[in-house]
Amino acid sequence: MTSSNRTLNRLILFVLGLVAVVVGLAMGAGVLPAVRDALEPYVRFPSEVEVPAASLWIVASACLVVVVLALVWVLTRGRGGTAVAVREAAGDDEVTVNVALVRDVVDHELDGVHDVVSSKVDVYTVRKHRAARLRVAVRRGGDAVTVLEAVDAAIATLDRTLGRQLPVLVHLSGGTRSAVSKAKRVV
């Protein structure tokens, strides 16, 4: 539910990590004799390097630009995630419901459903309104209709508990975790 592209994020992180490793090795080779000796068979470093002062300012400016862009990138990712599910204000009083309550209600309602392996609830702020995302892992070969009915009942219970309707996006999945999980047993 973020506005960023996952592949682009990973590509940028890979390139920045690769650049950081190369710069770190080059700096280490210039300062630490042990690093220089370890890299000697692969890379030839000059014994002396004379760098004009203007070049150092250019490198420092480029590093500053990279740091600022990285900070902007980090601070603008993941918009919307919040720990507050509902906030109601009446006069001087304010009631805040944490996402933990939403998780507890949904977990309690889905606890007895045999085909549900796990559930996870996240709350996001989307266009100044709060909405929940409910991810349910369904057991391999499980009955999706039964699970959806249980999820609908859980959402109805949540709406009654909160005293208002909270928009919910339901995502059913059946990945590796649901394929290898064991059936719940009551002893």
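Residues numbered from 1 in each chain as written. Predicted model: local features only at pLDDT ≥ 70, side-chain atom pairs only at ≥ 80, totals over all residues. Heavy atoms only, no water.

Novice: Any details on unusual backbone geometry? Residues and values, ideally.
Specialist: The backbone of R127 sits at a positive phi, close to 50°, despite the residue not being glycine. With respect to the helices and strands, the residue R127 is situated in the loop between β4 (116-126) and β5 (129-138). Located in the positive-phi region is K128, a residue other than glycine, with phi close to 70°. Position of K128 among the secondary structure elements: in the loop between β4 and β5. A residue is classified by how much of its surface remains accessible, and K128, at 80% relative accessible area, is exposed. (Helix = DSSP H or I, 4+ residues; strand = E, 2+ residues; numbered from the N terminus. Buried < 20%, exposed > 50% of the residue type's maximum accessible area, 1.4 Å probe, protein only.)

Novice: Could you give an account of the side chain of D122, naming the residues involved and the relevant values?
Specialist: With respect to the helices and strands, D122 occurs in strand β4. One polar contact links D122 to K120, side chain to side chain, over a distance of 3.1 Å. Among residues more than four places away in sequence, those in contact with D122 are R103, A131, A132, R133 and R135. (Polar contact = N/O pair within 3.5 Å; in protein donor to acceptor, adjacent residues only side chain to side chain. Contact = heavy atoms within 4.5 Å.)

Novice: Could you give me a rundown of helix α4 (residues 99-110), with the residues and numbers involved?
Specialist: Compared with an ideal rise of 1.5 Å per residue, which puts 12 residues at 16 Å, α4 spans 17 Å between its outermost C-alpha atoms and is within 8% of the ideal. All buried positions along α4 are accounted for by V99, V102, V105, V106 and L110. In an axial view of α4, the angular spread of the buried residues amounts to 125°, which keeps them on one side of the axis. Looking at α4, the residues exposed on the side facing more than 90 degrees away from the buried face are D104 and H108. The inward-facing, buried residues of α4 abut β2 (84-90), β3 (93-98), β4, β5 and α5 (144-162). At the N-terminal boundary of α4, the capping side chain belongs to N98, with an oxygen 3.1 Å from the backbone nitrogen of A100. (Expected span 1.5 Å × (residues − 1). Arc of directions from axis to C-beta.)

Novice: Describe the pairing of β5, and please don't skip the residues or the numbers.
Specialist: Within β5, seven of the 10 residues are buried, which leaves it mostly tucked inside the rest of the structure. Sheet topology note: the β4/β5 ladder contains 10 bridges and is antiparallel. Within β5, the position partnered with S118 by the bridge is A137. Here β4 folds back onto β5, and the loop between the two strands holds two residues, one of which, R127, carries a positive phi near 50°. With six bridges joining them, β5 and strand β6 (residues 168-173) adopt parallel strand pairing. Paired with L134 across the bridge in β6 is V170. (Pairing = 2+ DSSP bridges.)

Novice: Got a sec to walk through the nonpolar core? Specific residues and values, please.
Specialist: By size, the foremost hydrophobic cluster in this structure holds 24 residues, and its most contacted members are L110, V136, V147 and V151. Counting residues per element, this core draws most heavily on α5, at seven residues. Beyond its immediate chain neighbours, meaning those up to four positions away, V136 contacts L110, V116, S118, S119, V147, V151, H171, L172 and S173. (Core = buried A, V, L, I, M, F, W, Y, C linked by side-chain atoms within 4.5 Å.)

Novice: Describe the pairing of β3, naming the residues involved and giving the relevant values.
Specialist: Regular strands show a simple pattern: their side chains alternate between the two faces of the sheet. Sheet analysis places β2 next to β3, joined by six bridges and oriented antiparallel. Bridging from a neighbouring strand, A90 pairs with D93 of β3. Counting the residues between successive antiparallel strands, the hairpin from β2 to β3 contains two residues, one of them, G91, with a positive phi of roughly 65°.

Novice: Would you mind going over the environment of R87 in detail, with residue names and values included?
Specialist: Relative to the helices and strands, R87 resides in strand β2. Between the C-alpha atoms of R87 and V97, which are 10 residues apart in sequence, the distance is 6.3 Å. At 3.5 Å, the side chain of R87 and the side chain of T96 are in polar contact.

Novice: I'd love a proper account of the packing of α4 against α5, names of residues and values included.
Specialist: At a minimum axis separation of 9 Å, α4 and α5 run at an interaxial angle of 140°. Taken together, the axis directions place α4 and α5 in an arrangement best described as oblique. As for the relative orientation of α4 and α5, their crossing is right-handed in sense. Residues L101, V102, V105, E109 and L110 of α4 pack against A150, V151, A154, T157, L158, T161 and L162 of α5. Grouping the constituent residues of the contact of α4 with α5 by class yields nine nonpolar, two polar and one charged. (Axes fitted to C-alpha atoms, helices over the stretch in contact; angles between N-to-C directions. Parallel < 35°, antiparallel > 145°, perpendicular 65-115°, else oblique. Left-handed = near helix turned anticlockwise from the far one by under 90°. Nonpolar A, V, L, I, M, F, W, Y, C, P; charged D, E, K, R; others polar.)

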